[in-house]
Amino acid sequence: MSLAQGILLFFLSGFASLDRVAGINIMLSRPIVITSIIGIAFNQILICILIGAIFEFIGMLEVPVGTVILKDDTFAGYSSSVLISLGAISHNNLSILLAIILVTLMIYPVTLTDIYCRKLNKLMITRAFNETKSNTNSDGFLIRIGLLVSFIRGVVVYNLATFLIFLTLHNIGYFAKQEVSPIYYLVLLFILLMGCLFRFLNGELFMKLIFLVIGFIASWIIL
Amino acid sequence: MKLLLKALPTLVKSIFYQANWNIENMQGTGFSWLLKDLSKRFKISFGNVKGNERADYFNTNPYFVTFMLGIFLKEAESGKPVDQYKSTYASVFGALGDTFFWHSLRPLTFFLSLFIAVYEPMFAMFFYLIFFNIFNIGFKFLGFYLGYNYGTNVIDVFRTVSFANWSDIADMATIFLMGGTLAIVVKYVSNSDAINSIAIFKTAIFFIAGFTTSRYVSAPFTLIIGAMIVTAIMLLQNI
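In this text the structure is predicted, and so the values were computed from the model without any measurement. (Residues numbered from 1 in each chain as written. Chains lettered and ligands numbered in written order. Predicted model: local features only at pLDDT ≥ 70, side-chain atom pairs only at ≥ 80, totals over all residues. Heavy atoms only, no water.)

Of the regular secondary structure elements, chain A holds 8 helices and 0 strands. Starting at the N terminus, the α and β elements of chain A follow one another as α-α-α-α-α-α-α-α. Dimensions along the principal axes, computed over C-alpha positions, put chain A at roughly 70 × 50 × 25 Å. A burial count over chain A gives 59% of its 223 residues as buried. Considering only contacts within chain A whose residues lie at least 6 apart along the sequence, 75% involve residues at least 24 apart. Total accessible area computed for chain A in this model is approximately 8900 Å², and 71% of it derives from carbon and sulfur atoms. (Helix = DSSP H or I, 4+ residues; strand = E, 2+ residues; numbered from the N terminus. Buried < 20%, exposed > 50% of the residue type's maximum accessible area, 1.4 Å probe, protein only. Contact = heavy atoms within 4.5 Å. Areas by Shrake-Rupley, 256 points an atom, 1.4 Å probe, with all protein chains shown as cover.)

As structure tokens, then:
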């Protein structure tokens, strides 16, 4: 990994967390986007997009309503594409599937840090409210702190968790044992998750099936 | 146009207003921050926007917050008490925005990008960002404009354009694209343009398995179970 790539990962992890948690919301944090950027930077675009597409489903199957804190699919996209780009799981079916399992499990502790960020925000607003009842200018300060905390969370938590998965994969010894393309197996997982999304989307099952079949036939003929 | 230019800094700031999101007042701090900024620019008072409203609860969809700002400005200018609209409109916009942006637009953008990725992977990401953000930026600016011009009647605009149906239409378009993606996948799995019944059977099995398991298990665990099954299949094929 070159210095430029390291700097890119530093800022990307920070901004992705910020985009997800604190603001901007331009969808830089979507797994498909973040994996594409890493894929372009490390010249691994195709496999990175595919693994990004798999983790994209985790986010698509949840809606952030009210106090619901979504599972951190941004981390999953970031971590898995970094692992691919660093050569940890590029040519080994077993390691890519193991990495998917590890990354998916790691989503839970990473999401927990999101909850702690919210708690920190709550602590700060309570403190600011108690200390400055007559001061109306602390909102801007709280917003800036919130942005900074989200950025730091991305840089520290995403990279630390990725490093832990990297170490685990390395110690298990699954590096480059089988020189077979993992794409076929990722495609199977992709279909499985499409089935999940199919249930999640609105509409009558019968209508959905009709649209699915029409789409299938149209695509088969045209493409 | 003059109105939008005057409010531009506040509209740009609105992309950061969720930074203090917390379980106490949700987006309350950010909304208060935006109102103060708007108040300064338009030299208008929003009633009780002083200091203690930081503790006030506010939660809506982030892409709809500018509608609220527009309504607040309009109502404040006509001398009406604005705070009474806060929770009602925030909830309505929250529901509309969550359904359209989070539930439907994300999958639709994803599948459109996927089709582009088949031909040119590099452009897929750019397409995703551009397509989604056309709605994002559009709603930010148009929201403020409509909120200001229609005030509390802005809901009628949503009724006129049948906004509640946009989500259903987007979902059907997504399912259509999903079918198209399945056709591409079948062609990839069978490695041919001819109809391959084994490839279609494999695809159908995995698709139905996903459809069925999602009823009982959350997405991450479906993925873990799927990865384990695929690993087992791979190992069996290697024996």
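In terms of regular secondary structure, chain B is built from 9 helices and 0 strands. The order of helices and strands in chain B, counted from the N terminus, is α-α-α-α-α-α-α-α-α. For chain B, the C-alpha radius of gyration of 23 Å lies well beyond 18 Å, the compact-globule estimate for 239 residues. Dimensions of chain B, computed from the C-alpha atoms along their principal axes, are close to 75 × 35 × 30 Å. A fraction of 74% describes how many contacts in chain B between residues 6 or more apart in sequence connect residues 24 or more apart. For chain B, the computed accessible surface area is about 10500 Å², with 67% contributed by carbon and sulfur atoms. Averaging the positions of the 18 positive and the 13 negative side-chain charges in chain B gives two centres separated by 6 Å. (Rg over C-alpha atoms; globule rule 2.2 N^0.38 Å. Lys, Arg positive; Asp, Glu negative; His and termini not counted. Charge placed at Lys NZ, Arg CZ, Asp CG, Glu CD.)

Parsing chain A into structural domains produces domain 1 (3–178) and domain 2 (179–223). Each of domain 1 of chain A and domain 2 of chain A was reduced to a C-alpha centroid, and the two centroids are 27 Å apart. (Domains from an automatic or database assignment.)

Taken as a class, soluble globular proteins show a tendency for nonpolar side chains to be buried jointly. Grouped together as the largest cluster of nonpolar side chains are 148 residues, with contacts concentrated most on A:Phe57, B:Phe64, B:Phe93, B:Phe110 and B:Phe144. With 15 residues, the top contributor of residues to this core is helix 4 (residues 83–119) of chain B. Setting aside its immediate chain neighbours within four residues, B:Phe144 contacts B:Leu3, B:Leu4, B:Ala7, B:Leu11, B:Leu38, B:Phe42, B:Thr66, B:Phe67, B:Leu69, B:Gly70, B:Leu73 and B:Phe139. (Core = buried A, V, L, I, M, F, W, Y, C linked by side-chain atoms within 4.5 Å.)

The domains assigned to chain B are domain 1 (2–166) and domain 2 (196–239). Inter-centroid distance (C-alpha atoms) of domain 1 of chain B to domain 2 of chain B is 40 Å.

All names here are of chain A. Under the definition given, this model contains 10 salt bridges over all chains. Close ionic contact of Arg20 with Asp72 constitutes a salt bridge, the shortest N to O distance being 3.4 Å. With Arg20 in helix 1 (residues 3–21) and Asp72 in the loop between helix 3 (45–60) and helix 4 (73–85), this pair connects stretches of sequence that are 52 residues apart. No difference in accessibility class separates Arg20 from Asp72, as the two residues are buried. Put simply, Arg20, Arg30, Glu56, Asp72, Asp73 and Arg153 are held in one network by salt bridges that share partners. (Salt bridge = Lys/Arg side-chain N within 4 Å of Asp/Glu carboxyl O.)

Further remarks concern the interface of chain B and chain A. Between chain B and chain A, the residue contacts involve 93 residues of the former and 91 residues of the latter. Summing the contributions of chain B and of chain A, the shared interface buries around 8500 Å²; its carbon and sulfur component is 76%. Where chain B meets chain A, there are 0 salt bridges. Linking chain B with chain A are 20 residue pairs in polar contact (both at pLDDT 80 or more), by the criterion used here. For the side of chain B that touches chain A, the secondary structure elements donating two or more residues are helix 2 (28–42), helix 4, helix 5 (121–150), helix 7 (163–190), helix 8 (197–213) and helix 9 (219–238) of chain B. With 19 residues, helix 7 of chain B is the single largest residue contributor to the side of chain B that touches chain A. For the side of chain B that touches chain A, a count of residues per class yields 52 nonpolar, 28 polar and 13 charged. (Buried area = accessible area lost by both parts, 1.4 Å probe. Polar contact = N/O pair within 3.5 Å; in protein donor to acceptor, adjacent residues only side chain to side chain. Nonpolar A, V, L, I, M, F, W, Y, C, P; charged D, E, K, R; others polar.)

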